[in-house]
Amino acid sequence: MERIDLQRGKFITLEGGEGVGKSTNLRFITDWLREQGIDFVQTREPGGTPLAEELRELLLERREEPVDPTAELLMVFAARAQHLARVIEPALARGDWVICDRFTDATYAYQGGGRQLDGSLIAQLEETVQGALRPDRVLLLDLDPEIGLQRAASTGAADRFESEQQAFFKRVRSAYLARAEASPANYAVIDASRPLDQVQHQLRLELEQLL
C-alpha cells in the first residue's frame, strides 16, 4: 500500500496497569498501521534506546536496597529524555507515527499514584524533559487490578513493580482514571475486561479518528 504523506507523525501511547493486555493489543495496533501503509516506530518506556534500556533494567530489578521514590522518578525521566532525543522526536519529525508502550501517564500513575509522590514534581520534570510534547492520543486499557494481577501472575516471575501489594495497583488505576477524566478529549478509556474482539474494535475506532 502506498505510504500516507504526513508532515509530522502522530504520537500514540498505550497505557494501563498490570495484566491489561498491552502486548496483545500493541500487536493489533502495529498490524493496523501496516495495513494503512503508515510508517511507524514501536517503542516502550522505560526504554527505547540502549541507555534507556539499561535504566529500565535498574528500575525493574528486584533488590535488597530500598529504592527511594524520588530516585526512581529521576531515573524514569532520565530514560525518557534519552528516548525522546534519540527515538521519539526524530521519528515524529520525519513523519512516522510513534506507538509507545507507556509514557508520562504511567509516571503519574505509578510514581504519583502508586508511590504517592507530589504531582507537581512530576509536572515540573515533564515540562523540563518534554517541553510542549504530549501524545496525540492516549489509549488507556482499564481493568480491575485484582483481575490484572491474576493475569500477570501467569506470565512469569514478577519484577520490582509487579511485586507491589494490591493497594499500590489500586492507586495506580485511580491515578490513570483521574487523568483521563480531567482531559477526556485526549484519552480513550477502554474496558480491558471485555472480550478481545470488542477491545480491538474500540481501538480501531480510536485509531481511525487520527487519520
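These notes cover the structure that comes with them.

Calculation criteria
Residues numbered from 1 in each chain as written. Predicted model: local features only at pLDDT ≥ 70, side-chain atom pairs only at ≥ 80, totals over all residues. Heavy atoms only, no water. 1 Å grid on protein atoms, 1.4 Å probe; cavity = no way out; pocket = protein on both sides within 12 Å on 5 of 7 lines; lining within 4 Å. Points joined across faces, edges and corners; volume = space filled by probe spheres on them. Helix = DSSP H or I, 4+ residues; strand = E, 2+ residues; numbered from the N terminus. Nonpolar A, V, L, I, M, F, W, Y, C, P; charged D, E, K, R; others polar. Axes fitted to C-alpha atoms, helices over the stretch in contact; angles between N-to-C directions. Parallel < 35°, antiparallel > 145°, perpendicular 65-115°, else oblique. Left-handed = near helix turned anticlockwise from the far one by under 90°. Contact = heavy atoms within 4.5 Å. Pairing = 2+ DSSP bridges.

### Here's the deal with the layout of surface pockets
Space inside the second largest pocket adds up to approximately 160 Å³. What lines the second largest pocket is F103, T104, D105, E126, Q130, R134, P135, V138, R179, S183, N186 and Y187. Contributions of two or more residues to the lining of the second largest pocket are made by α4 (104-114) and α5 (119-130). Residues of the lining of the second largest pocket, tallied by class, amount to four nonpolar, four polar and four charged.

### Considering empty space enclosed by the protein
The full count for this structure, using the stated rule, is one cavity of 30 Å³ or more. Taken as a whole, the largest cavity encloses approximately 130 Å³ of empty space. Contributing to the lining of the largest cavity are 18 residues, with G17, E18, L143, P145 and R173 lying nearest its centre. Where the lining of the largest cavity is concerned, the elements lending two or more residues are β4 (137-142), α6 (145-153) and α7 (166-182). Looking at which element gives the most residues to the lining of the largest cavity, the answer is α7, with five residues. Considered class by class, the residues forming the lining of the largest cavity number eleven nonpolar, three polar and four charged.

### Section: the packing of α4 against α5
The interhelical angle for the contact between α4 and α5, taken along N-to-C directions, is 155 degrees, at an axis separation of 10 Å. Between α4 and α5, the interaxial angle falls into the category roughly antiparallel. Our pair here, α4 against α5, has a crossing hand that is right-handed. Judged by residue contacts, T104, T107, Y108, Q111 and G112 of α4 engage G119, I122, A123, E126 and Q130 from α5. Tallied by class, residues from the contact of α4 with α5 come to three nonpolar, six polar and one charged.

### Points about the sheet that holds β4
Two strands in a sheet stick together by hydrogen bonds in their backbones, pointing the same way (parallel) or opposite ways (antiparallel). Pairing is parallel across the open sheet formed by five strands, whose spatial order is β2-β3-β1-β4-β5. Each end of this open sheet is capped by a strand with a single partner; those strands are β2 (40-44) and β5 (187-191). Direction aside, neighbouring strands of the sheet carry axes that sit 20 degrees apart on average. Of the strands in this sheet, β1 (11-16), β2 and β3 (97-101) touch helix α3 (residues 69-93), which is tilted by about 155 degrees from β2.

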